[in-house]
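# A closer look at the structure
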Amino acid sequence: MNFTDAIQNAPEIANCLKNGLQALERKDKSKIKVNASRDLKGSVYIDKCLERCHPNAPRWDYVFGYKDRVYYVEVHPADNTRKVGEVTAKLQWLKQWRRLSAQNLEDLEGQSTYHWISTGKTASSVKRGKYLQILAQNGIRGPDAVLNADTVP
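One numbering rule holds for all chains: residues counted from 1, following each sequence as written. Local features in this predicted model are restricted to residues whose pLDDT is 70 or higher, and side-chain atom pairs enter the listing and the counts only when it is 80 or higher, whereas totals over whole chains, interfaces and linings include all residues. Neither water nor hydrogens contribute to the side-chain values; these are computed over all heavy atoms in the structure.

## With respect to the nonpolar core
Across soluble globular proteins, you tend to see nonpolar side chains buried next to one another. Note the cut-off: The criterion is simple. A nonpolar core is a set of buried Ala, Val, Leu, Ile, Met, Phe, Trp, Tyr and Cys residues joined through side-chain atoms within 4.5 Å. Accessible area is worked out with a 1.4 Å probe on protein chains only. A residue is then buried under 20% of its type maximum, exposed over 50%, and partly exposed in between. In this text, helices come from DSSP runs of H or I with a minimum length of four residues, and strands from runs of E with a minimum of two, each type numbered from the N-terminal end. By definition in these notes, contact holds between two residues if any of their heavy atoms fall within 4.5 Å.
Ile13, Ile46, Tyr72, Leu94 and Leu105 are the most contacted members of the largest nonpolar core, which totals 29 residues. Elements represented by at least two residues in this core include exactly helix H1 (3-8), helix H3 (46-50), strand E4 (69-78), helix H4 (82-101) and strand E5 (112-122). Tallying contributions element by element places H4 first for this core, with six residues. Once residues lying within four places of it in the same chain are set aside, the contact partners of Leu94 are Ile46, Trp60, Tyr72 and Tyr114.

## Section: the sheet that holds strand E2 (residues 40-45)
Defined as follows: For two strands to pair, DSSP has to find at least two bridges joining them. Simply put, an axis is a line fit to the C-alpha atoms, just over the touching stretch for a helix, and the angle between two N-to-C directions goes from 0 to 180 degrees.
Across the sheet, five strands lie side by side as E2-E3-E4-E5-E6; this open sheet has mixed pairing. Only two strands of the sheet have a single neighbouring strand rather than two, namely E2 and strand E6 (140-144). Averaged over all neighbouring strand pairs, the angle between strand axes comes to 20°, with direction disregarded. As paired strands, E5 and E6 are joined by three bridges and run parallel to one another. In the sheet register, Tyr114 faces E6, and the bridge partner there is Ile140. Contacts from H4 reach E4, E5 and E6, with the element oriented near 150° to E4. Sitting on the sheet, helix H6 (residues 129-137) touches E5 and E6, and the angle it makes with E6 is about 135°.

## Considering the pattern of salt bridges
Put simply, the test is: Salt bridges are defined as contacts in which a side-chain nitrogen from Lys or Arg sits within 4 Å of a carboxyl oxygen from Asp or Glu.
Applying the stated criterion across every chain yields a total of 10 salt bridges. With its nearest N and O atoms 3.2 Å apart, the salt bridge here joins Lys67 to Asp150. One end of the pair, Lys67, is in the loop between strand E3 (62-66) and E4; the other, Asp150, is in the segment after strand E7 (147-148), and 83 residues separate them in sequence. By relative accessible area, which is 25% here, Asp150 ends up partly exposed. For Glu74, the salt bridge is made with Lys90, and the minimal N-O distance between the two is 3.2 Å. Highlighted residues: Glu74 in strand E4 and Lys90 in helix H4, separated in sequence by 16 residues. Here the two residues Glu74 and Lys90 agree in accessibility, since each one is buried. Three or more residues joined by partner-sharing salt bridges are found here, namely Glu25, Lys27 and Asp28.

Take a look at the structure:
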């Protein structure tokens, strides 16, 4: 199954699929770089799409498909170490939601990457020591100012 089919088979977000990166807010769209926009498979603003169904959940921001990969993106401040816990909690929620409500997206886990894009200045303490280790253990890349999808291994 491909990205588009996986989204269309997830009832809670199927109607939220947009072409290209159109689901992203304008300020966030500028933080995503791709070399071949024709290879974008679509995007979903998960946070906004699920706010009515899961109003108190620590919802993840976005997912988009590009080439044969799935990119989950959280745009979030990184100005202190407390934010590491907030972002990891959002990822844990995302994974639980996906297992329960979007199994076809779960099946694409091997093609998926998770990215934290900072909304401003990143505290140096967030990118070193135990905090960097926590992010790595959870499979979160970043925090970075921009995600260049073509450079993700």
